[in-house]
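Structural description and commentary
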Amino acid sequence: MRRASRRLAFAAALRRADGGLAVIAEIKRRSPSAGDIKAGSSALDQARLYQAAGADALELNAWYMPSDPKISCEAIEDHHLSLLKELKAVVTIPVSMKL
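Quick summary incoming for the structure in this document. (Residues numbered from 1 in each chain as written. Predicted model: local features only at pLDDT ≥ 70, side-chain atom pairs only at ≥ 80, totals over all residues. Heavy atoms only, no water.)

**With respect to the sheet that holds strand S5 (residues 95-98)**
The following threshold applies: We call two strands paired when DSSP finds no fewer than two bridges between them. Runs of H or I in DSSP of at least four residues are treated as helices and runs of E of at least two as strands, each being numbered from the N terminus. Only the stretch in contact is used when a helix axis is fitted, and all axes are lines through C-alpha atoms; the angle between N-to-C directions ranges over 0 to 180 degrees. A contact between two residues is defined here by any heavy atoms of the two lying within 4.5 Å.
If you walk across this open sheet you meet the three strands as S1-S4-S5, and the pairing is parallel. Because the sheet does not close on itself, it has two edges, and the strands there are strand S1 (24-27) and S5. Strand-to-strand twist of the sheet, defined as the mean angle between neighbouring strand axes without regard to direction, takes the value 25°. In this structure, S1 lies alongside strand S4 (residues 57-61), joined through four bridges in parallel fashion. Within S4, the position partnered with alanine 25 by the bridge is leucine 58. Contacts between helix H2 (residues 43-52) and the sheet are confined to S1 and S4, with S1 contributing the most and set at about 165° to the helix.

See below:
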């Protein structure tokens, strides 16, 4: 039930009362084609800045991961889930994760 209510909250955030366009700000550390975007950046700081700038929702991109190529897939998944929880704790707007 909680998952369904979170989806509804995310969808509701995209329907602005003023009829304007909603903004989903993406938190992404690196790109498959371009490499590092902002090395050493803090996802939590980015989230706070995006919310302060008026973003309606946040999306954590799966490319936001530790830089050590020897880290296991399970460790990366744990990292993403932990980071997602941390993001939800520092902002009041909905947060999703793109895999």
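Additional details are given in the paragraphs that follow.
**Focus on the pattern of salt bridges**
Condition: Salt bridge, as used here, is a side-chain nitrogen of Lys or Arg placed within 4 Å of a carboxyl oxygen of Asp or Glu. Think of it in three bands: with a 1.4 Å probe and only protein chains considered, a residue is buried below 20% of the maximum accessible area for its type, exposed above 50%, and partly exposed in between.
According to the stated counting rule, one finds one salt bridge in the structure shown. Across the pair arginine 48 and aspartate 45 runs a salt bridge, and its minimum N-O distance is 3.0 Å. Residue arginine 48 and its partner aspartate 45 are both found in helix H2; the two are separated by three residues, about one turn of the helix. Residue classification places arginine 48 among the partly exposed positions, given a relative accessible area of 40%.

**Here we look at the pairing of S4**
The buried fraction of S4 amounts to five of the five residues, a majority that puts the element mostly inside the structure. By the alternation rule, side chains of S4 split into Ala57, Glu59 and Asn61 and Leu58 and Leu60, which are all buried. Direction of pairing for S4 relative to S5: parallel, over a ladder of four bridges. The residue bridging leucine 58 from the neighbouring strand is valine 95, located in S5.

**Observations concerning H2**
Short version of the rule: An arc is given here, and it is the one of the directions from the helix axis to the C-beta atoms.
Those residues of H2 that fall on the buried side of the exposure criterion are Ala43, Leu44, Gln46 and Ala47. Projected down its long axis, H2 carries its buried residues within an arc of 160°, all on one side. Residues Leu49 and Ala52 are exposed on H2 and point more than 90 degrees away from its buried face.

The analysis is restricted to geometry; functional conclusions fall outside its scope.
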